[in-house]
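Working through the structure, step by step
These are the residues of each chain, in order.
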Amino acid sequence: MRDKYIQLSHGGGGEEMNQLIKDMFFAAFDNEVLRQEEDAAILSLSNQTAFTTDSFTVSPLIFNGGDIGKLAVAGTVNDLAMMGAQPLYLSCSFILEEGLEIKTLQTVVNSIAKELQESGAMIVCGDTKVVPHGCADGIFINTSGLGQVRRTGISAHQIRQGDAIIVSRDIGCHGATVLMSREGLELTSELKSDCATLWPVVEALLAAGIDIHAMRDATRGGLSAVTNEWARTSGVGITLDKKSIPVRDEVRGLCELYGMEPYDLANEGTFVLALPAEQADVALAVMQHFAICPNAAVIGHADHQQPGKVVLVTPWGSLRYLDAPQGELLPRIC
């Protein structure tokens, strides 16, 4: 593109908008459905279909391990995957702020195109709006997704007493990375967001015949939010073993510095499963074949000792409730 910055004319429906859509969006997201260039995509769907939508707003737009584009695709694809659905089609709508650098938008668009390859999903429709400078924060993205359900019945209502609770990797990396970027903190390690598409590992778990009772990606509110919602929905209690929950030293250190808990921090490529305890070892063996599950672990179990509550067992054997997060820990996180 000739222009260096987004102008109001890029959302005006004329030549500048046409150039933006053709030269950037269509070039990056090209597929047979998008090429029809109609006001709505015509899709062929069969069997049960999962449908989800989400909006994404993060500051900064680009962070270590990802950007708002990767976040938008992974977030929507992961919502489908957590329902046992293979991601197929996405919509993608942009709200762009006047004055945004074109090269920043190109970075985000390229990231979207790359992340789509992880699941095989296609962007088949979208929209672009440009708002005056000061009316947005660079880029807002809305994505909706359709997926074909490959396994029915995955729900928090299916959690049973004795189920093992598994987390796919160490927690809190996304929230900690965004916090570091905002505060200008530098660490000697390479802490980065866990932002990733989860469908490949979920597909492998389904193919292995794992009887998954519930799955959830631990985004805003982190592990605390997921397990508390599960306990309330299922009516069982959930007991977690603190020493079994993987947390990086850098994340733990930042939490101590800011008075936070890693269980409350957002994740964007970490998910939690509930499944029969006798299948836990098989599930872990499957997950460990994937780089996005470097330290998957059984972190607890479902029981009836404290129905509707989540209890954390400390390394010293004491017990405390792990409550759902309250207030806003980090705004503009995803």
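The preceding data block contains the structure.
One structure accompanies this document, and this report is about it. (Residues numbered from 1 in each chain as written. Predicted model: local features only at pLDDT ≥ 70, side-chain atom pairs only at ≥ 80, totals over all residues. Heavy atoms only, no water.)

It is worth spelling out the overall build of the chain at this point. Each helix and strand in the chain was counted, giving eight helices and 13 strands. Computed over C-alpha atoms, the radius of gyration of the chain comes to 21 Å, within 12% of the 20 Å expected from 2.2 N^0.38 for 334 residues, which places it in the range of a compact globule. Oriented by its inertia axes, the alpha-carbon framework of the chain measures out at about 65 × 50 × 30 Å. Counting over 334 residues, the chain shows a buried share of 51%. (Helix = DSSP H or I, 4+ residues; strand = E, 2+ residues; numbered from the N terminus. Rg over C-alpha atoms; globule rule 2.2 N^0.38 Å. Buried < 20%, exposed > 50% of the residue type's maximum accessible area, 1.4 Å probe, protein only.)

In this structure the tally under the stated criterion is zero disulfides. Distance from the sulfur of Cys255, which forms no disulfide, to the nearest cysteine sulfur (Cys173) is 10 Å. Taking relative accessible area as the criterion, Cys255 reaches 3% and is therefore assigned buried. (Disulfide = S-S within 2.5 Å.)

The next thing to look at is helix α3 (residues 102-119). Its 18 residues give α3 an end-to-end C-alpha distance of 27 Å, which sits within 8% of 26 Å, the value for a rise of 1.5 Å per residue. Looking at α3, one finds that the buried residues are Ile102, Thr104, Leu105, Val108, Val109, Ser111, Ile112, Ala113, Glu115, Leu116 and Ser119. Backbone geometry just after α3 places Gly120 at a positive phi near 85 degrees. (Expected span 1.5 Å × (residues − 1).)

Attention now goes to helix α5 (residues 199-207). Buried within α5 are the following residues: Trp199, Val201, Val202, Leu205 and Leu206. Take α5 and look down its axis: the buried residues cluster within an arc of 165 degrees, on one side only. On the buried face of α5, the contacting elements are α2 (68-81), β4 (85-97), α3, β8 (214-217), β10 (271-275) and α8 (280-287). Where α5 terminates, the next one or two residues include Gly209, which has phi positive at roughly 80 degrees. (Arc of directions from axis to C-beta. Contact = heavy atoms within 4.5 Å.)

Bringing the environment of Ala164 into the picture now. Structurally, Ala164 is set in strand β7 (residues 164-167). Spatially, the C-alpha atoms of Ala164 and Ser189 are 32 Å apart, while their sequence positions differ by 25 residues.

Let us look at the packing of aromatic side chains. Counted by the stated rule, this structure contains two aromatic pairs. Summarising the aromatic geometry, the rings of Phe25 and Phe29 are spaced 6.4 Å apart at their centres and angled 10 degrees between planes, so their arrangement reads as stacked. Placement of the pair is Phe25 and Phe29 together in helix α1 (residues 15-29), with a separation of four residues, close to one helical turn. Like Phe25, the residue Phe29 is buried in the burial classification. Between Phe25 and Phe94, the aromatic rings sit 4.7 Å apart at their centres with planes inclined by 10 degrees, giving stacked as the arrangement. With a gap of 69 residues between them, Phe25 in helix α1 and Phe94 in strand β4 connect regions that are remote in the sequence. (Phe/Tyr/Trp six-rings, centres within 6.5 Å; stacked < 30°, edge-to-face > 60°.)

Turning next to the pattern of salt bridges. One pass over the full model with this rule turns up ten salt bridges. The partner of Lys22 in a salt bridge is Glu37, and the shortest N-O contact between them spans 3.6 Å. In this pair, Lys22 sits in helix α1 while Glu37 sits in the loop between α1 and β1 (49-56), placing the two residues 15 residues apart along the sequence. Asp241 is paired through a salt bridge with Lys243; the nearest N and O atoms lie 3.2 Å apart. Judged by its relative accessible area of 18%, Asp241 is buried. (Salt bridge = Lys/Arg side-chain N within 4 Å of Asp/Glu carboxyl O.)

Turning to the sheet that holds strand β5 (residues 122-131), a few remarks are in order. What the four strands build is an open sheet, ordered β1-β6-β4-β5; its pairing is mixed. Both outer strands of the open sheet, β1 and β5, are each paired with one neighbouring strand and no more. In this sheet, neighbouring strand axes are inclined to one another by 15 degrees on average, regardless of whether the strands run parallel or antiparallel. Of the pairings in the sheet, the one linking β4 to strand β6 (residues 139-149) comprises eleven bridges and is antiparallel in character. Residue pairing across strands places Ile95 opposite Phe140, the latter belonging to β6. (Pairing = 2+ DSSP bridges. Axes fitted to C-alpha atoms, helices over the stretch in contact; angles between N-to-C directions.)

The next subject is the environment of Arg216. Secondary-structure assignment places Arg216 in strand β8. Along the primary structure Arg216 and Ser55 are separated by 161 residues, whereas in three dimensions their C-alpha atoms are 18 Å apart. Leave out the neighbours within four places in its chain, and Arg216 touches Met82, Val226, Glu229, Trp230, Thr270, Phe271 and Val272. At 3.1 Å, the side chain of Arg216 and the side chain of Glu229 are in polar contact. (Polar contact = N/O pair within 3.5 Å; in protein donor to acceptor, adjacent residues only side chain to side chain.)

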